[in-house]
Amino acid sequence: MALSSLLSPQPVQVSSTSTHSIPKHYHFSHSTSVSLQNTPSFTSFPTITCPQNQKWRTNVSFFPAFFNKTKDPTPIKQELLEAIAPLDRGADATPEDQQIIDQIARKLEACNPTKEPLKSNLLNGKWELIYTTSKSILQTQRPKILRSRVNYQAINGDTLRAQNMEGWPFFNQVTADLTPLNSRKVAVKFDYFKIGGIIPVKAPGRARGELEITYLDEELRVSRGDLGNLFVLKMVDPSYRVPT
């Protein structure tokens with residue numbers, strides 16, 4: 001599960017005396033891991049076209065984000081949301097799709113209105129993961145019927161706590177302590193897994209990771225994990241708080 005990065009620790013395998021088993025990989029991504037998008041036109045600059053057999057699903061400008069004169073992130077958010085909508089949270093994304101999404105995300109990050117997200121109340125609440133490059137979160141190695149249908153991530157900036165939650169069919173959860181490394185990046189130390197959302201299992205000491213929040217507003221959060229994965233989340237419940 002993700003912390004948007006969702007939080008992205010190294011893959012962790014946990015064993016316990018319980019007859020229930022922890023999923024082999026548990027990531028904090030923005031599961032959790034933010035509950036957005038009309039593609040802006042790039043009339044000022046040309047776009048790159050590919051040969052017919054190499055056409056990407058979406059046209060994309062290859063000029064760096066700093067050429068974007070506007071400070072309004074709204075059209076870029078719309079472009080990002082429209083690009084990821086048909087990709088089943090990233091499970092159906094090709095390498096070309098991933099490259100396009102990453103470029104749009106970088107344009108959005110360049111317009112980030114929240115320069116110190118760890119000090120912002122906008123961070124608090126429950127976020128839904130709508131796109132990630134993390135294969136372990138997407139569970140692409142499993143048949144579709146055995147993959148989680150939805151992933152959430154909750155963050156409490158005031159208590160520095162986080163929680164990742166899977167939806168049906170497994171409902172697994174994991175909680176973590178956050179340690180700020182700077183105003184937008186945290187170290188993540190997982191403490192407890194909950195199998196089926198009920199059975200607690202203490203996380204091993206190596207269950208750690210880092211998460212950088214690269215874009216934050218009242219609707220959308222973009223995060224990057226220490227394993228290089230991208231997480232896009234939408235806000236679904238700003239009143240939700242991680243249980244103590």
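How each quantity is defined
Residues numbered from 1 in each chain as written. Predicted model: local features only at pLDDT ≥ 70, side-chain atom pairs only at ≥ 80, totals over all residues. Heavy atoms only, no water. pLDDT = per-residue confidence, 0-100. Contact = heavy atoms within 4.5 Å. Helix = DSSP H or I, 4+ residues; strand = E, 2+ residues; numbered from the N terminus. Buried < 20%, exposed > 50% of the residue type's maximum accessible area, 1.4 Å probe, protein only. Pairing = 2+ DSSP bridges. Expected span 1.5 Å × (residues − 1).

Caption draft 1: Representation of the confidence of the model for the protein chain in the model. Per-residue confidence for the protein chain averages 79 on the pLDDT scale, and 71% of its residues sit at or above 70. A low-confidence stretch, residues 1–6 (pLDDT under 50), is modelled with 81 contacts involving residues beyond four sequence positions or located in other chains. Scored below 50 in pLDDT, residues 8–69 shows 213 contacts in the model against residues more than four places distant or in partner chains.

Caption draft 2: View of the side chain of Ser 148. Topologically, Ser 148 is positioned in the loop between helix 3 (135–138) and strand 4 (151–156). Apart from residues no more than four positions distant in its own chain, Ser 148 is found in contact with Arg 89, Ile 137, Gln 139, Glu 166, Gly 167, Trp 168 and Pro 169.

Caption draft 3: Fine view of unusual backbone geometry. Cis geometry marks the peptide bond from Trp 168 to Pro 169, where omega comes out at 15°. Tracing the backbone shows Pro 169 in the loop between strand 5 (161–166) and strand 6 (173–180). For Leu 160, which is not a glycine, the phi torsion comes out positive at approximately 55°. Position of Leu 160 among the secondary structure elements: in the loop between strand 4 and strand 5. In this structure Leu 160 comes out as partly exposed when scored by relative accessible area, which is 29%.

Caption draft 4: Highlighting the environment of Gly 197. Inspection of the secondary structure assignment puts Gly 197 in the loop between strand 7 (185–195) and strand 8 (199–202). The exposure class assigned to Gly 197 is partly exposed, which follows from its relative accessible area of 23%. Here Gly 197 is in contact with Phe 171, Asn 172 and Gln 173, once residues within four sequence places are set aside.

Caption draft 5: How the structure looks around the pairing of strand 3 (residues 125–132). The buried fraction of strand 3 amounts to 8 of the 8 residues, a majority that puts the element mostly inside the structure. Strand direction decides the pairing type here: strand 3 and strand 4, joined by 4 bridges, are antiparallel. Looking at the pairing, Lys 126 lines up with Ala 154 of strand 4. As paired strands, strand 3 and strand 11 (residues 230–237) are joined by 6 bridges and run antiparallel to one another. Along strand 11, the bridge assignment pairs Trp 127 with Met 235.

Caption draft 6: Looking closely at helix 2 (residues 95–109). Between the first and last C-alpha of helix 2 there are 21 Å, a value that for 15 residues agrees with the 21 Å anticipated at 1.5 Å per step. Asp 97, Ile 100, Ile 101, Gln 103, Ile 104, Ala 105, Lys 107, Leu 108 and Glu 109 are the residues of helix 2 that are buried. In this structure, the buried side of helix 2 is in contact with helix 1 (74–84), strand 3, strand 9 (208–216), strand 10 (220–225) and strand 11.

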